[in-house]
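Tertiary structure, described
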Amino acid sequence: MSVEALTRSEVFGQLRRDLYGDEQSSHSNTHIFIILGASGDLAKKKIYPTLWWLFRDGLLPEETYFVGFARSKLTVEDIKTACLPNMKVTDEDSESLSAFFSKNSYLSGRYDDAESFSQLNAHLSSLPRGANANRLFYLALPPSVYHDISSNLKAHCMTQGWNRVIVEKPFGRDLQSSHQLSAHLSSLFSEDQIYRIDHYLGKEMVQNLMVLRFGNRIFGPIWNRNNVACVVLTFKEPFGAQGRGGYFDDFGIIRDVMQNHLLQMLSLVAMEKPTSTASDDVRDEKVKVLKCIAPVGLSDVVLGQYVGDPDGEGEAKRGYLDDPTVPNDSHTPTFATVVLYVQNERWDGVPFILRCGKALNERKAEVRLQFTDVPGDIFDLRCQRNELVVRVQPDEAIYLKMMTKKPGVFFSPEETELDLTYRSRYKDVKLPDAYERLILDVFCGNQMHFVRSDELREAWRILTPLLHQIEKEKISPIPYIYGSRGPNEADDLVRRVGFRYEGRYKWVKPHTA
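Residues numbered from 1 in each chain as written. Predicted model: local features only at pLDDT ≥ 70, side-chain atom pairs only at ≥ 80, totals over all residues. Heavy atoms only, no water.

Counting 145 residues, the largest nonpolar core has Phe33, Leu36, Val231, Ile254, Leu266 and Phe352 as the members making the most contacts within it. The greatest single-element share of this core, amounting to eleven residues, is contributed by helix α10 (residues 252–270). Once residues within four sequence positions are removed from consideration, valine 231 is found in contact with Val269, Trp347, Val350, Pro351, Phe352, Ile353, Val367, Arg368 and Leu369. (Core = buried A, V, L, I, M, F, W, Y, C linked by side-chain atoms within 4.5 Å. Buried < 20%, exposed > 50% of the residue type's maximum accessible area, 1.4 Å probe, protein only. Helix = DSSP H or I, 4+ residues; strand = E, 2+ residues; numbered from the N terminus. Contact = heavy atoms within 4.5 Å.)

In space, the six strands of this open sheet follow the order β3-β2-β1-β4-β5-β6, with parallel pairing throughout. Of all the strands in the sheet, just β3 (104–108) and β6 (194–197) have a single pairing partner and so form its edges. The sheet shows a mean angle of 20° between the axes of neighbouring strands, direction not considered. Here seven bridges tie strand β1 (residues 30–36) to strand β2 (residues 63–70), and the two strands are oriented parallel to one another. When the bridges of β2 are listed, threonine 30 appears paired with glutamate 63. Along the sheet, helix α2 (residues 41–56) contacts β1, β2, β3, β4 (134–139) and β5 (163–168); its crossing angle with β1, the most-contacted strand, is approximately 165°. (Pairing = 2+ DSSP bridges. Axes fitted to C-alpha atoms, helices over the stretch in contact; angles between N-to-C directions.)

All right, on to the packing of aromatic side chains then. Two aromatic rings are characterised by how far apart their centres lie and by the angle between their planes. Summed over all chains, the structure comprises 19 aromatic pairs. Judged by centre distance (6.0 Å) and plane angle (20°), the ring pair of phenylalanine 33 and phenylalanine 443 falls under stacked. Highlighted residues: phenylalanine 33 in strand β1 and phenylalanine 443 in helix α13 (residues 434–444), separated in sequence by 410 residues. On the basis of relative accessible area, phenylalanine 33 is assigned to the buried category, the value being 0%. For phenylalanine 443, a relative accessible area of 6% puts it in the buried group. Consider the rings of tyrosine 306 and tyrosine 482, whose centres lie 5.5 Å apart with planes at 90°: the pair is edge-to-face. Of the two residues, tyrosine 306 is situated in strand β8 (residues 301–307) and tyrosine 482 in the loop between β15 (478–481) and α15 (488–496); the sequence distance between them amounts to 176 residues. Each member of the pair, tyrosine 306 as well as tyrosine 482, carries the same accessibility label: buried. Members of the aromatic cluster, joined through ring pairs, are Phe248, Tyr306, Tyr320, Phe335, Tyr480 and Tyr482. (Phe/Tyr/Trp six-rings, centres within 6.5 Å; stacked < 30°, edge-to-face > 60°.)

This structure, assessed with the given rule, holds 32 salt bridges. A salt bridge links arginine 283 to aspartate 280; the nearest nitrogen and oxygen atoms lie 3.3 Å apart. Within this pair, arginine 283 and its partner aspartate 280 are both found in helix α11 (residues 279–291), separated by three residues, close to a single helical turn. Given a relative accessible area of 42%, aspartate 280 falls into the partly exposed group. For arginine 485, the salt bridge is made with aspartate 491, and the minimal N-O distance between the two is 2.8 Å. For arginine 485, a relative accessible area of 31% gives the class partly exposed. Judged by its relative accessible area of 13%, aspartate 491 falls in the buried class. (Salt bridge = Lys/Arg side-chain N within 4 Å of Asp/Glu carboxyl O.)

The next point concerns α2. Look at α2: 22 Å from first C-alpha to last across 16 residues, which is about the 22 Å you get at 1.5 Å a residue. If you look at α2, its biggest bend is around 30°, right at isoleucine 47, and the proline proline 49 turns up within four residues after that. Burial in α2 covers these residues: Ala43, Ile47, Tyr48, Pro49, Thr50, Leu51, Trp52, Trp53, Leu54, Phe55 and Arg56. Downstream of α2 by one or two residues, glycine 58 has phi in the positive range, about 70°. (Expected span 1.5 Å × (residues − 1). Bend = angle between axes of the 7 residues up to and from the residue.)

With that settled, the discussion passes to unusual backbone geometry. Look at the link from glutamine 393 to proline 394: it is a cis peptide, with omega at -15°. As for its placement among the helices and strands, proline 394 is situated in the loop between β12 (387–393) and β13 (397–405). With phi around 55°, arginine 129 is a residue other than glycine that occupies positive phi space. Tracing the backbone through its elements, the reader meets arginine 129 in the loop between α5 (114–126) and β4.

Given below as structure tokens:
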């Protein structure tokens, strides 16, 4: 096994012991992981590679089998060929890779056909101790087929061991469709069997938010409306629809990023301390936060849609409407800034600014708390506001922007940072992929980092009226140039609600050995 694999194994092994103890990590039971939609991009690019990494590093129960199911007529060798470019295989891995695929099998069938699922169940039962094995079903498919698949799984593929179903987003298009989907799944499975996966909850720095907040005395007294001027949650991508406009146009940036990733991060930033780290204790507090947020109004929103940059190169020359898969009259936003307020004692009056968009100037996801001005200024307005920044991607980091004396003979303040950049501090640690963490959580039965039905309902309640208004009134998004920061109107909005952006500070990457 490579040095990288050993490091990953050590990290994950400790994580599993810390969270679940020796009993839950036992390798004595037989497990079967079923990938429904095994021929699709998600399966090839994420699920199969993730299962391979977990298998390679010895993090799955010893007796674990993998079964692919899809409509396409394929073989395991076909699956292997399709997945290999994404699996990061080294020369040292050949024996382990062969062992992994020896535990794989594949069946083809229709998602709406009961007989296909009877055949799937017969195959699962034919595996060693398969009739009573624990079964994990991953629905790597669009929500349009969830109804048929979940019904057939319940009717034909349940086992005497435990059964768990992993559901990919989007979880509906609005409050009503999400409720219908949740009601259907709840009629078939109990809540502790349903794992609604939002891969952002598996990110290192998103999971770090709880430790940062509740494991440090210094932040508790200042994490409130008396000291925080505003909170900014950002998700930026430097590329456009990239030929996926047909899919994206049906959802838009608010459904694609804001309703899930950003609201999940908001709830972790704003929630009260849970009574423990048990899954339901944490999710109870997240739900309480979401219940304190009123549905957003259009006056607190800026929508944008990117256009081509005439001076750009390649894709940058093409606007969203230039994508042949996008309707010529599309009003779908590719950028959104939304201001929300958590109406409780801790946060009353503090704006939570959610910003997300495609075809912007950089790739970045972060949480930024901007603190209020220092009262009694003695430095002639030369001090900037302190900011605590948790950067989720790229280059995971936590840093505190603060004022210090500028080195030299002059007595003048200068903005700098206290910095924890993971690449510098943890040089020898390979951080696990988000899907690795979350799939391991499903094996171990930990639902902390999965979305509960009431969380989902509250998130849709906040944004559904806005989405319906945008679509009913065909509100035109503001054009912004590919590669820019987005519409200027978004900067005007955040300034109006209290965020102060000077634009002079430059991040200096720490020196690495």
